[in-house]
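# Architecture at a glance
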Amino acid sequence: MTDIILNTDWDDLRFFLALRRHGSLRKAAGALGVNHGTVLQRLKRLEATLGALLFDRTRSGLVTTEAGLELTLHAEQMEDSF
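Residues numbered from 1 in each chain as written. Predicted model: local features only at pLDDT ≥ 70, side-chain atom pairs only at ≥ 80, totals over all residues. Heavy atoms only, no water.

The helix and strand tally for the protein chain stands at 5 helices and 2 strands. Listed N to C, the secondary structure of the protein chain is α-α-α-α-β-β-α in terms of helices and strands. Whereas a compact globule of 82 residues would reach a radius of gyration of roughly 12 Å, the protein chain reaches 12 Å, a difference of no more than 12%. Taking the principal axes of its C-alpha atoms as reference, the protein chain extends roughly 30 × 25 × 20 Å. Relative to its full complement of 82 residues, the protein chain shows a buried share of 37%. In the protein chain, the share of contacts with a sequence separation of at least 24, taken over all contacts with a separation of at least 6, comes to 54%. Summed over all atoms, the accessible surface of the protein chain reaches about 4900 Å², with 50% contributed by carbon and sulfur. Here the protein chain contributes 10 positive and 11 negative side-chain charges, whose respective centroids are spaced 12 Å apart. (Helix = DSSP H or I, 4+ residues; strand = E, 2+ residues; numbered from the N terminus. Rg over C-alpha atoms; globule rule 2.2 N^0.38 Å. Buried < 20%, exposed > 50% of the residue type's maximum accessible area, 1.4 Å probe, protein only. Contact = heavy atoms within 4.5 Å. Areas by Shrake-Rupley, 256 points an atom, 1.4 Å probe, with all protein chains shown as cover. Lys, Arg positive; Asp, Glu negative; His and termini not counted. Charge placed at Lys NZ, Arg CZ, Asp CG, Glu CD.)

Right, dumping it as structure tokens:
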């Protein structure tokens, strides 16, 4: 999965990190200045690209999967390098 992550669009990773940090589509959308539908579309696209579910959707919000935790490390490293 690491090779795929390195070729992932930074903008998609930015949306992913907002979801990780805010825990819901609406809160992430507010932080990014977009609507929640845009955040959901980006998440679905990223999950399709990686071939992995990044969050479990629960009534209390989003719970990061193992794949999501792995992606978090790489995305934060990329963020720090910018």
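There is more to say after this.
Turning next to the nonpolar core. Counting 20 residues, the largest nonpolar core has Phe16, Leu19, Leu46, Leu54, Phe55 and Leu71 as the members making the most contacts within it. For this core, the secondary-structure elements that each account for two or more residues are helix 2 (10-22), helix 3 (25-32), helix 4 (36-50) and helix 5 (66-81). With residues up to four places along the chain from it excluded, the contact list for Leu46 reads Thr8, Asp12, Leu13, Phe16, Leu54 and Leu71. (Core = buried A, V, L, I, M, F, W, Y, C linked by side-chain atoms within 4.5 Å.)

Here we come to the side chain of Glu47. Take Glu47: it is sitting in helix 4. A polar contact of 3.2 Å, which involves the side chain of Glu47, links it to the side chain of Arg57. Glu47 has contacts with Ala52, Leu53, Leu54, Phe55 and Arg57, leaving out every residue within four places of it along the chain. (Polar contact = N/O pair within 3.5 Å; in protein donor to acceptor, adjacent residues only side chain to side chain.)

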